[in-house]
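Architecture at a glance
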Amino acid sequence: MPATPDLWHHYGRARAIHDRAVPRAFRWDWTQAGGPGAEVLGDLGGRVVGELGAGAGRQAAHLVVYHAPAEVLAVDASPAQRALTVGLYGHLAPRLRCVHAGAVEHLRVRAGAYDVLYSVFGAVDFTEPRALLPAACAALRPGGRLVFSTLAHHVGGAPARPEVTATEIPGRTPGGVVASMHRWVLTASVWATALERAGFAGVRADVLPAAGDRERAVGTLLVRAFRPAG
Ligand SMILES: C[S@@+](CC[C@H](N)C(=O)[O-])C[C@H]1O[C@@H](n2cnc3c(N)ncnc32)[C@H](O)[C@@H]1O
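Residues numbered from 1 in each chain as written. Predicted model: local features only at pLDDT ≥ 70, side-chain atom pairs only at ≥ 80, totals over all residues. Heavy atoms only, no water.

An unreviewed UniProt entry annotates the chain as SAM-dependent methyltransferase originating from Streptomyces albidoflavus.

Okay, here's the thing in structure tokens:
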């Protein structure tokens, strides 16, 4: 991986000091307040599951403890986030595996290896979809599913983009210098077309209601798709 500053160094760091528990619930929405849970992933018993952009690994840890998968690979490109996952949930190995890798690079060498892939405002949001989605489709076994939550619109209210174009958003280097990164905030139909072009079928996108006051409410788009079985 290139030696660029880790713009995810600060993310979730303060929370990790005081909240080390495995979450009892799995949430897809922006505020982690409600809506559907892990059932959207299907029956995970004995399945090989991958989280793309796992952050501190909270959702992956929940799946390992409450849903009996064969294993969950928590993939993240950030050294800081991987270190948080190892510190918080390393005791869940070997069923929880912390993988330090870019999602595209990881998926490209794992053809047919996964039953289920998912992302909670994770790598799917921050990676060129025309690279990530075909790699994800190929890494699923036939009939396997991809589920991800992403922004239904930009934070602040601007609409999602009507084509596959990234938005520049602010980030912070470990030293606190302001930098920028790309985030793909796309309409449901743009995601559907990108998924179908990548080889997926059965695409479904649902908007989850935004919690919080009207000014700051952020809507979530929950997207599911399958690698065709045939
Ligand atoms: C907003 S955080 C979400 C983390 C976690 N899913 C959560 O809900 O807290 C986005 C995460 O995606 C990771 N990420 C972004 N692009 C990635 C890529 N191409 N490959 C792997 N991880 C990536 C970042 O390092 C970061 O940890």
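We are not done yet, so read on.
Topic: the packing of aromatic side chains
Here the structure, examined in full by the defined rule, presents 7 aromatic pairs. Three or more aromatic residues joined by ring pairs form one cluster here, namely W8, Y11 and F126. (Phe/Tyr/Trp six-rings, centres within 6.5 Å; stacked < 30°, edge-to-face > 60°.)

A closer look at the environment of L7
Relative to the assigned elements, L7 resides in the segment before α1 (13–18). As for L7 and D125, which are separated by 118 residues in sequence, their C-alpha atoms are 14 Å apart. Leave out the neighbours within four places in its chain, and L7 touches R172, T173, A179, S180 and M181. (Helix = DSSP H or I, 4+ residues; strand = E, 2+ residues; numbered from the N terminus. Contact = heavy atoms within 4.5 Å.)

Remarks on the pattern of salt bridges
Evaluation of the coordinates by the stated rule reveals 8 salt bridges. The partner of D115 in a salt bridge is R141, and the shortest N-O contact between them spans 2.6 Å. Separated by 26 residues along the polypeptide, D115 in strand β4 (residues 114–120) and R141 in strand β5 (residues 140–151) bring together distant segments of the chain. D115 gets classed as buried once you look at its relative accessible area, which sits at 13%. Residue R141 is classed as partly exposed on the basis of its relative accessible area, which comes to 26%. Here D206 and R204 are joined by a salt bridge, their closest N and O atoms 2.8 Å apart. Among the ionic contacts, a cluster of salt bridges with common partners joins R15, D19 and R58. (Salt bridge = Lys/Arg side-chain N within 4 Å of Asp/Glu carboxyl O. Buried < 20%, exposed > 50% of the residue type's maximum accessible area, 1.4 Å probe, protein only.)

Section: the site of the ligand
Looking at the ligand, there are 20 residues lining it, with Y11, D76, A103, V120 and T127 nearest. Interatomic distance of 3.4 Å between a side-chain N/O atom of E51 and a nitrogen atom of the ligand. Contact between the ligand and A77: a nitrogen atom at 3.1 Å from a main-chain N or O atom of the residue. Expressed as a share of its isolated accessible area of 590 Å², the protein-covered part of the ligand is 88%. Residues of the shell around the ligand, tallied by class, amount to 10 nonpolar, 8 polar and 2 charged. (Near = heavy atom within 4 Å. Polar contact = N/O pair within 3.5 Å; in protein donor to acceptor, adjacent residues only side chain to side chain. Areas by Shrake-Rupley, 256 points an atom, 1.4 Å probe, with all protein chains shown as cover. Nonpolar A, V, L, I, M, F, W, Y, C, P; charged D, E, K, R; others polar.)

Details of the environment of I169
Relative to the elements of secondary structure, I169 occurs in strand β6 (residues 167–172). A C-alpha to C-alpha distance of 29 Å links I169 and L41, two positions 128 residues apart in sequence. Residues in contact with I169, not counting those within four places in the same chain, are F126, A179, S180, M181 and R183.

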